[in-house]
Amino acid sequence: MRRLITSRPVRLALAVALVAGVAAGLVVARRRRAAVPAPAAPRPAPPQDAGDPAGRGPEPVLGWPTSEDLERYDRPEAGAPIARLLDGLPRIERPRGRKAQRMTAALVALGLLALGAQMLDNAVFGPEPGPSSGRAAYVGGYAEPAPAVPSADPVTDEPVAQPPPSRDPACALRKTGSTTPAARPVSRRVTAAVNRQWRRIERWLKAHAPRTYASLNGPAGRRLVATAEARLGTRVPDSLRASLLRHNGARGPAAFRFSSNYAIMGARGLVSSWPDACEMGGGVPFAYDSDFGGYLVTNSATGGVGSADWELPYFEDEWSSYYALLKATADALAEGGPVGGSVPVVREGVLEWK
């Protein structure tokens, strides 16, 4: 019925008419029932004693109750406290006269009619279940099952449930088969440049933010990086692969973050985050913002780095490469300058960006 009648006022009018018809039928049936007089049963005449002119019958053993007795026992159950409470409440007078009774009945019927119409409208024409905000609302109200938790937490790298299949075939994870993919070599020049910036970052963290320094994971294996690249089905830029071979992400609440709040991920985090990041516009995700659900991604073809989230499902290059972002971060830590509009601060041994 909701699909046939799209206008809400028309549906509400039909619901009111239906309730009014039911109420009118009940009123007519009640009046007809009240119009038929019920046969009165004959009452037997009370026995009277010839010696009692008042007709009260023979006097009981204890005598007749006086007016004081009647006033004392004319109280509800539970005794005097309840009686005093009831005496203090205002008494509801029954409306006198046929006009007042009709007005009262009309008001009660109108209230019941409005209540019944509202309940019927809520029960029959209530909103259909579906997402009203977030990812499904952005793609045009497309209703799909809620995405499962990724196979590894983007920050801690701890294994969890498998990611859901992507609606876009291009964003689906590839199967690697039984054989381990061959690891592509990373040039020595790129590896040396990435390691040089990481050493600058590590020295600063060790001296100023020891908890964040301790959150850095060790290097990822070359086969793990090659397997992750095969699962994505796209080329991972060399500077990012060299970074994974230095630090396979970070762990814990004090994890190392790029500006402004993107915690770096390991090789498994790249794989588990790929379907979401791909549908946001493509790019290989390598850092995750847990507050807003966005990613830092790098372009497989150009190597450029930018951010992507569901509100803006695309990304623009903010840095020319992953190495450029890493160097800008090391410069900001060493010189105290901004990167990406934020400056580094340390709180209780943890690096933050403000």
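Along each chain, the written sequence defines residue order, and numbers are assigned to residues from 1. In keeping with the predicted nature of the model, local features appear solely for residues at pLDDT of at least 70, side-chain atom pairs appear and are counted solely at 80 or more, and the whole-chain, interface and lining totals rest on all residues. Computation of side-chain values covers all heavy atoms of the structure but excludes hydrogens and water.

Engineer: Sorry, what's going on with the sheet that holds strand 3 (residues 284-289) here?
Structural biologist: Hydrogen bonds along the backbone pair up the strands of a sheet, which may run parallel or antiparallel. Reading across the sheet, the five strands line up as 1-2-3-4-5 and stay open at both edges, with antiparallel pairing between neighbours. In the strand order of this sheet, the two ends are held by strand 1 (257-258) and strand 5 (305-308), each with one partner. Two strands are said to pair when DSSP picks up at least two bridges between them. Helix and strand definitions follow DSSP, with helices as H or I runs of at least four residues and strands as E runs of at least two, each counted in order from the N terminus. As defined by bridge partners, strand 3 adjoins strand 4 (residues 294-298) across five bridges and the pair is classed as antiparallel. Bridge pairing in strand 4 links Pro-285 to Val-297.

Engineer: I'm lost on the state of the cysteines in this one. Help?
Structural biologist: Simply put, disulfide is the name for a covalent bond between the sulfur atoms of two cysteines. Here, a disulfide means two cysteine sulfur atoms that sit within 2.5 Å of each other. A complete count under the given rule lists one disulfide for this structure. One disulfide in the model links Cys-171 with Cys-278; its S-S distance is 2.0 Å. One quick way to see it: the torsion about the S-S bond of Cys-171 and Cys-278 is about -70°, and its sign makes the bridge left-handed. Residue Cys-171 is found in the loop between helix 5 (135-138) and helix 6 (188-208), and its partner Cys-278 is found in helix 10 (residues 267-279); the two are separated by 107 residues along the sequence. One exposure class covers both Cys-171 and Cys-278, and it is buried. Per-residue accessibility, obtained with a 1.4 Å probe over protein chains only, is compared with the maximum for each type, and a residue is labelled buried under 20%, exposed over 50%, and partly exposed between these values.

Engineer: Could you clarify how one ought to interpret the nonpolar core in this entry?
Structural biologist: Grouped burial of nonpolar side chains is what soluble globular proteins tend to show. Residues Trp-198, Phe-256, Phe-258 and Phe-286 are the most contacted members of the largest nonpolar core, which totals 49 residues. Between two residues, a contact is recorded if the distance between any of their heavy atoms is within 4.5 Å. If we ignore the near neighbours within four places in the chain, the residues touching Phe-286 are Leu-240, Phe-258, Ala-263, Ile-264, Met-265, Leu-270, Leu-296, Val-297, Thr-298, Val-305, Tyr-322 and Leu-325. We define a nonpolar core as any set of buried Ala, Val, Leu, Ile, Met, Phe, Trp, Tyr and Cys residues linked to one another through side-chain atoms lying within 4.5 Å.

Engineer: How do you make sense of the pairing of strand 5 when you look at a structure like this?
Structural biologist: A regular strand places its side chains on the two faces of the sheet in alternate fashion. Relative to strand 5, strand 4 runs antiparallel, the two sharing four bridges. Within the sheet, the bridge partner assigned to Thr-298 lies in strand 5 and is Val-305.

Engineer: Explain the environment of Ala-192 to me, please; I cannot follow it from the model alone.
Structural biologist: Along the chain, Ala-192 falls in helix 6. Expressed as a C-alpha distance, the spacing of Ala-192 and Ser-239, which sit 47 residues apart in the sequence, is 10.0 Å.

Engineer: Mind showing me how you'd approach helix 6 here?
Structural biologist: In an α-helix, one full turn covers 3.6 residues, which means residues spaced three or four apart are oriented alike. A helix is expected to span 1.5 Å for every residue after the first. Here helix 6 is 21 residues long and its end C-alpha atoms lie 30 Å apart, about the 30 Å a rise of 1.5 Å per residue gives. Listed as buried for helix 6 are Val-190, Ala-193, Val-194, Asn-195, Gln-197, Trp-198, Ile-201, Glu-202, Trp-204 and Leu-205.

Engineer: Would you explain the packing of helix 8 (residues 222-232) against helix 10 in this entry?
Structural biologist: Packed helices, taken two at a time, are described by their axes: the angle between them and the distance between them. As a rule, the C-alpha atoms of each element are fitted with a line to give its axis, helices using only the stretch in contact, and angles between N-to-C directions run from 0 to 180 degrees. In the contact formed by helix 8 and helix 10, the axes pass within 9 Å of each other and the chain directions differ by 10°. Put simply, helix 8 runs roughly parallel to helix 10. Between helix 8 and helix 10, the residues in contact are Leu-224, Ala-228, Arg-231 and Leu-232 and Ala-267, Arg-268, Leu-270, Val-271 and Trp-274, respectively. Residues are grouped as follows: Ala, Val, Leu, Ile, Met, Phe, Trp, Tyr, Cys and Pro are nonpolar; Asp, Glu, Lys and Arg are charged; every other residue, Gly included, is polar. For the contact of helix 8 with helix 10, the per-class residue count stands at seven nonpolar, no polar and two charged. Here roughly perpendicular refers to angles of 65 to 115 degrees, roughly parallel to angles under 35, roughly antiparallel to angles over 145, and oblique to all remaining angles.

Engineer: In this structure, what is going on with the environment of Val-225? I would like to understand it.
Structural biologist: Note on placement: Val-225 falls in helix 8. For the pair formed by Val-225 and Arg-268, sequence separation is 43 residues and the distance between their alpha carbons is 8.7 Å.

Engineer: Even after reading the chapter, I still don't get the packing of aromatic side chains, so can you show me in this structure?
Structural biologist: The geometry of an aromatic ring pair is captured by two quantities: the separation of the ring centres and the angle between the planes. Aromatic rings from Phe, Tyr and Trp, with only the six-membered ring used for Trp, were paired whenever their centres fell within 6.5 Å, and each pair was classed as stacked if the ring planes differed by under 30 degrees, edge-to-face if by over 60, and tilted otherwise. With the rule as written, the count across this model stands at six aromatic pairs. On the basis of an interplanar angle of 80° and a centroid distance of 6.1 Å, the ring pair of Phe-258 and Phe-286 is categorised as edge-to-face. Here the residue Phe-258 occupies a position in strand 1, and Phe-286 occupies one in strand 3, the gap between them amounting to 28 residues. Summarising the burial analysis for this pair, Phe-258 and Phe-286 share the class buried.

Engineer: What's the story with the confidence of the model for the protein chain in this structure? I'm lost.
Structural biologist: Segments scoring low in pLDDT should not have their predicted coordinates read at a detailed level. Looking at the protein chain as a whole, the pLDDT averages 76, with 65% of positions reaching at least 70. Within the protein chain, helix 5 has the poorest average pLDDT of any element, 31, and helix 6 the best, 96. Below a pLDDT of 50 lies the segment residues 127-150, which in the model reaches 30 contacts outside its immediate sequence neighbourhood of four places, other chains included. Every residue is assigned a pLDDT by the predictor, reflecting its confidence on a scale from 0 to 100.

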